[in-house]
Amino acid sequence: NNELNDLTERENEVLKQVAEGLDNRQIGKMLSISEKTVKTHISNILFKLNLDNRTQVAIYAIKKGLV
């Protein structure tokens, strides 16, 4: 669970929403942030967790029991 500690609280929220299958627009609405900000968070998540795409993010979150 160490890598999760590298994520900010907001990145963790975005990670969970991605795993729930929400798109960037829906995530932005839910968290009251812009779509551009959502994209930035997702880029940071991909980098920090060494993943290639949002599908891998979703699989990661499910494996970690976050959703």
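Our subject is the structure that appears above.
Each value, and the rule that gives it
Residues numbered from 1 in each chain as written. Predicted model: local features only at pLDDT ≥ 70, side-chain atom pairs only at ≥ 80, totals over all residues. Heavy atoms only, no water. Helix = DSSP H or I, 4+ residues; strand = E, 2+ residues; numbered from the N terminus. Polar contact = N/O pair within 3.5 Å; in protein donor to acceptor, adjacent residues only side chain to side chain. Contact = heavy atoms within 4.5 Å. Salt bridge = Lys/Arg side-chain N within 4 Å of Asp/Glu carboxyl O. Buried < 20%, exposed > 50% of the residue type's maximum accessible area, 1.4 Å probe, protein only. Core = buried A, V, L, I, M, F, W, Y, C linked by side-chain atoms within 4.5 Å.

Draft legend 1. Spatial organisation of the side chain of glutamate 11. Assignment of secondary structure puts glutamate 11 in helix α2 (residues 9–19). Polar contacts involving the side chain of glutamate 11 include one to the side chain of lysine 48, which spans 2.8 Å. The residues touching glutamate 11, leaving out its near neighbours within four places in the chain, are Asp6, His41, Asn44, Ile45 and Lys48.

Draft legend 2. How the structure looks around the environment of threonine 37. Note on placement: threonine 37 falls in helix α4 (residues 35–49). In this structure, the C-alpha to C-alpha distance between threonine 37 and threonine 8, residues 29 residues apart in sequence, is 14 Å.

Draft legend 3. Layout of the pattern of salt bridges. Per the stated rule, a full pass over the model turns up 2 salt bridges. With its nearest N and O atoms 2.7 Å apart, the salt bridge here joins arginine 10 to glutamate 13. With arginine 10 and glutamate 13 both in helix α2, this residue pair falls 3 residues apart, about one helical turn. Relative accessible area serves as the criterion here: at 27%, glutamate 13 is assigned to the partly exposed category. Between glutamate 11 and lysine 48 there is a salt bridge, with its nearest N and O atoms 2.8 Å apart. Placement of the pair is glutamate 11 in helix α2 and lysine 48 in helix α4, with a sequence separation of 37 residues.

Draft legend 4. Expanded view of the nonpolar core. Counting residues in hydrophobic clusters, the biggest one holds 20 residues, and the most contacted among them are Val14, Leu15, Ile27, Ile45, Leu49 and Val57. If you list the elements that add at least two residues to this core, you get α2, α3 (24–31), α4 and α5 (54–63). Looking at this core, the element that brings in the most residues is α4, giving 5 residues. Apart from the residues within four sequence positions on either side, leucine 15 is in contact with Leu4, Leu7, Ile45, Leu49, Val57, Tyr60, Ala61 and Leu66.

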